[in-house]
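Results of the structural survey
So you can see what is in the structure, the chains are spelled out below.
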Amino acid sequence: MAEPVFMPQHAPALVGRTAVRAGYEQVFAHLKLAVRFDIHEIEEAGNVAWARTSSAGRTTLLGTGMEVTEGNNELFVFQREKGEWKIHRYLFSTSQPRV
């Protein structure tokens, strides 16, 4: 079973379940997301699948209460593990840079 990888923009990749979990804990400790995901395509090939999505909405920076516009393009790669789909790779890039 391969370890998951989270590749956030402007930051090093987080490799392994422990690093990915810690990365998300940090994200949600500092941000409140109010975004909508639109799915543009999903493909499956055996025990691997991928989805191309985009998201848009608002993000609240919890430390300051400041709200910013959020918009990203995302690529999710899933791997079937013991009959369940798990996120194997996740990459995103901004489509609406914060100003």
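Above: the structure in question.
Residues numbered from 1 in each chain as written. Predicted model: local features only at pLDDT ≥ 70, side-chain atom pairs only at ≥ 80, totals over all residues. Heavy atoms only, no water.

**Section: the sheet that holds strand β6 (residues 84–94)**
One open sheet holds the 6 strands; their spatial order is β2-β1-β6-β5-β4-β3, and the pairing between them is mixed. On the outer flanks of this sheet lie β2 (14–15) and β3 (31–45), each paired with one strand and no other. With 3 bridges connecting them, strand β1 (residues 5–7) and β6 associate as parallel partners. What sits directly across from Phe6, in β6, is Tyr90. Sheet strands in contact with helix α1 (residues 17–30) are β1, β2, β3, β4 (48–61), β5 (66–81) and β6, and its direction is about 140° off that of β3. (Pairing = 2+ DSSP bridges. Helix = DSSP H or I, 4+ residues; strand = E, 2+ residues; numbered from the N terminus. Contact = heavy atoms within 4.5 Å. Axes fitted to C-alpha atoms, helices over the stretch in contact; angles between N-to-C directions.)

**Examining the pairing of β4**
Across 14 bridges, β3 lies against β4 in antiparallel orientation. If you follow Val35 over to β4, its bridge partner there is Gly57. Hairpin connection of β3 to β4: 2 residues between the antiparallel strands, including Gly46 at a positive phi of 65°. Here β4 runs beside β5; their pairing, made up of 14 bridges, is antiparallel. In the sheet register, Ala56 faces β5, and the bridge partner there is Gly71. Linking β4 to β5, which pair antiparallel, is a turn of 4 residues; within it Gly65 sits at a positive phi near 80°.

By themselves, these observations are geometric and do not establish any function.
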